[in-house]
Amino acid sequence: MTKIGIETGAEVPGSSLAAAGKTFLEFFAGIGLVRVGLEPSGWSCVYANDLDPKKRKLYAGRFGDDDQFHLGDVWDREQVLARLSTPAFLSTASFPCVDLSLAGKWKGLDGAHSSAFFGFTNVLEGLGERKPSLVLIENVTGFVASRDGQDFESATRSLAELGYWLDAFVLDAAHFIPQSRPRVFIVGVHDRLGEPPMARRGSGGGWLVDPWVQRIERAGKSIRPSRLVELMKRIKLPTGWAAFRMPLPDGPRRDIAELIDLDDAQDWWDEPAVVKHHDMMSDLHRRHVDGLLAAGGTHVGTIYRRKRYGKTRAETRFDGIAGCLRTPKGGSGRQIVVVVDRGRLRMRWMSPREYARLQGVDNFPLGENTIQNLYGFGDAVCAPVISWIDAHILTPVYEWAREGAENHPGRPRPLRSLLPREPAEDAAPFARELETPKIREMG
Ligand SMILES: C[S@@+](CC[C@H](N)C(=O)[O-])C[C@H]1O[C@@H](n2cnc3c(N)ncnc32)[C@H](O)[C@@H]1O
């Protein structure tokens, strides 16, 4: 069969869109919540990789024990490449975050765990012409801050050196689910795709303000925080920066009370444990809880235990969202449910089912071991966030490329006719008014 390369029309074995279809590779697959987020729109996983057999078991519980899952170290490049026989359009990589946080002592991308990112780029390099047209990277927001931006710079450079144009943004799971979980995402679009519907830096030219600058500066600060924008402006990439339209997600999010089980069948703590945690609260938090007890009604909140100035504190929140799920290392990694129920104070560990709900996968099949379930969900991505990125970026780029490959094999598609024309939803109203039609067209 002749395989037509999207960008050139030349024969490029294995890299053609026709051969790839709407397929993806799932690196650092964990329990597979990237896959959960992508499958509803028709993405098909052709390869998943992770080195943790316990995560693999949970993955298999959800997706079946198929041979797409490669249990192995991403650094074993030859092993990985040998398994990557099917070309894919997209590759995802939610690489380990531990070294990009205080917990990992900010070792950054030199750390034993987070350096696996370069194992991933090493595989991409090994794929040569067969490397996916799109990549999606996910990590904690500490990735942007780590070592004063140097880690973000070396990661984005290494992707750009492989031919990807990059966009970066932050999305918080709290837009979709009652969990505070901001994460930074990088989308890479391979240069060979031509000009998908995104603004490339420097594409304005002449007297026009660069549409890329406009787009990243006008986006909501929660999506494109100043520190990230600063870095994107400062870092010079061998390809360049791009910017997709990023409306602020405005979908309804549920209140934590809807996801927490209140019935007596739960493992509620006995009174001494509740009193102990009530005593561990700061005066401010205890006064708040006591106020809710006096007020009556039912109030659902969460607690994390944290060391503050040498003392362990029970930090409560009753703002309708849970704290960020973590892996349950020590007593501080595990989230506690606190309920003020008509004058009665109740507490217990948050259950694996509730963890699943807070990652947007209410019915995910649980494993037998509670701690392994909590590890799996605590380390995972929030599936609705991935679906949102898919709906706004991944699938539109895929559809754009597919249409181009079908209608104009070998010709990059004209940019302007393909761009959505409605004003950016994330732009401040005054900025929208100032947009000239020309700029709006450019996105
Ligand atoms: C942040 S978690 C990814 C979670 C996943 N996206 C999910 O939704 O469950 C990072 C994963 O990388 C895996 N990992 C760490 N180092 C690795 C390596 N060298 N090779 C392959 N996988 C690795 C860990 O086992 C962990 O599951």
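In this text, all values refer to a predicted model and were calculated from it rather than measured experimentally. (Residues numbered from 1 in each chain as written. Predicted model: local features only at pLDDT ≥ 70, side-chain atom pairs only at ≥ 80, totals over all residues.)

Describing the overall build of the chain
Then, in step 1: Of regular secondary structure, the chain possesses 16 helices and 13 strands.
Then, in step 2: Burial statistics for the chain: of 443 residues in total, 45% are counted as buried.
Then, in step 3: By sequence separation, contacts in the chain at least 24 residues apart represent 69% of the contacts at least 6 residues apart. (Helix = DSSP H or I, 4+ residues; strand = E, 2+ residues; numbered from the N terminus. Buried ≥ 20, exposed ≤ 12 C-beta atoms within 10 Å, placed from the backbone. Contact = placed C-beta atoms within 7 Å.)

Considerations on helix α5 (residues 116-127)
Then, in step 1: When the terminal C-alpha atoms of α5 are compared, their 17 Å separation across twelve residues agrees well with the 16 Å that a helix rising 1.5 Å per residue should span.
Then, in step 2: When we look at burial in α5, the residues that qualify are Ala116, Phe117, Phe120, Thr121, Val123, Leu124 and Leu127. Projected down its long axis, α5 carries its buried residues within an arc of 155°, all on one side.
Then, in step 3: On its buried face, α5 is in contact with β1 (23-27), α4 (77-83), β4 (90-93) and α7 (150-161). (Expected span 1.5 Å × (residues − 1). Arc of directions from axis to C-beta.)

A look at the environment of Gln179
Then, in step 1: Residue position: Gln179 is located in the loop between β6 (164-172) and β7 (182-190).
Then, in step 2: Overall, the presence of 24 C-beta atoms within 10 Å leaves Gln179 in the buried class.
Then, in step 3: Between the C-alpha atom of Gln179 and that of Leu358, which follows or precedes it by 179 residues, the distance is 6.1 Å.
Then, in step 4: If sequence neighbours within four positions are ignored, Gln179 has contacts with Ala173, Ala174, Ile321, Ala322, Cys324, Leu325, Leu358 and Cys382.

Digging into the confidence of the model for the chain
Then, in step 1: Averaged over all residues, the pLDDT of the chain is 85; the fraction at 70 or higher stands at 85%.
Then, in step 2: In this model residues 1-15 is a low-confidence stretch, pLDDT under 50, and it forms 38 contacts with partners more than four residues away in sequence or in other chains.
Then, in step 3: Every residue in residues 411-443 is under pLDDT 50, and counting partners more than four places away or in other chains gives 51 contacts. (pLDDT = per-residue confidence, 0-100.)

Side note on the sheet that holds β1
Then, in step 1: Across the sheet, which stays open at both edges, the seven strands sit in the order β3-β2-β1-β4-β5-β7-β6 with mixed pairing between neighbours. The outermost strands of the open sheet, each flanked by one partner alone, are β3 (69-71) and β6. For this sheet the average axis-to-axis angle between neighbouring strands, irrespective of direction, equals 15°.
Then, in step 2: Examined bridge by bridge, β4 and strand β5 (residues 134-140) share four bridges and lie parallel to one another. (Pairing = 2+ DSSP bridges. Axes fitted to C-alpha atoms, helices over the stretch in contact; angles between N-to-C directions.)

With respect to the site of the ligand
Then, in step 1: Around the ligand, a shell composed of 23 residues is seen, among which Phe28, Gly30, Leu33, Asp52 and Ala380 lie nearest.
Then, in step 2: Class assignment for the residues of the shell around the ligand results in 13 nonpolar, five polar and five charged. (Near = placed C-beta within 6 Å. Nonpolar A, V, L, I, M, F, W, Y, C, P; charged D, E, K, R; others polar.)

Some details on the sheet that holds strand β12 (residues 336-341)
Then, in step 1: The antiparallel open sheet is built from four strands, whose spatial order is β11-β10-β12-β13. The open sheet has two edge strands, β11 (311-317) and β13 (344-349), and neither has a second partner. Between one strand axis and the next, the sheet turns through 30° on average, direction left out of account.
Then, in step 2: The pairing of strand β10 (residues 298-308) with β12 spans six bridges and is antiparallel. Across the sheet, the residue bridging to Ile303 is Ile336, located in β12.

Thoughts on the pairing of β4
Then, in step 1: Alternating positions in β4 separate into two faces, Leu90 and Thr92 on one and Ser91 and Ala93 on the other, with burial throughout.
Then, in step 2: As paired elements, β1 and β4 share four bridges and run parallel to each other. Pairing of Leu25 across the sheet is with Ser91, part of β4.

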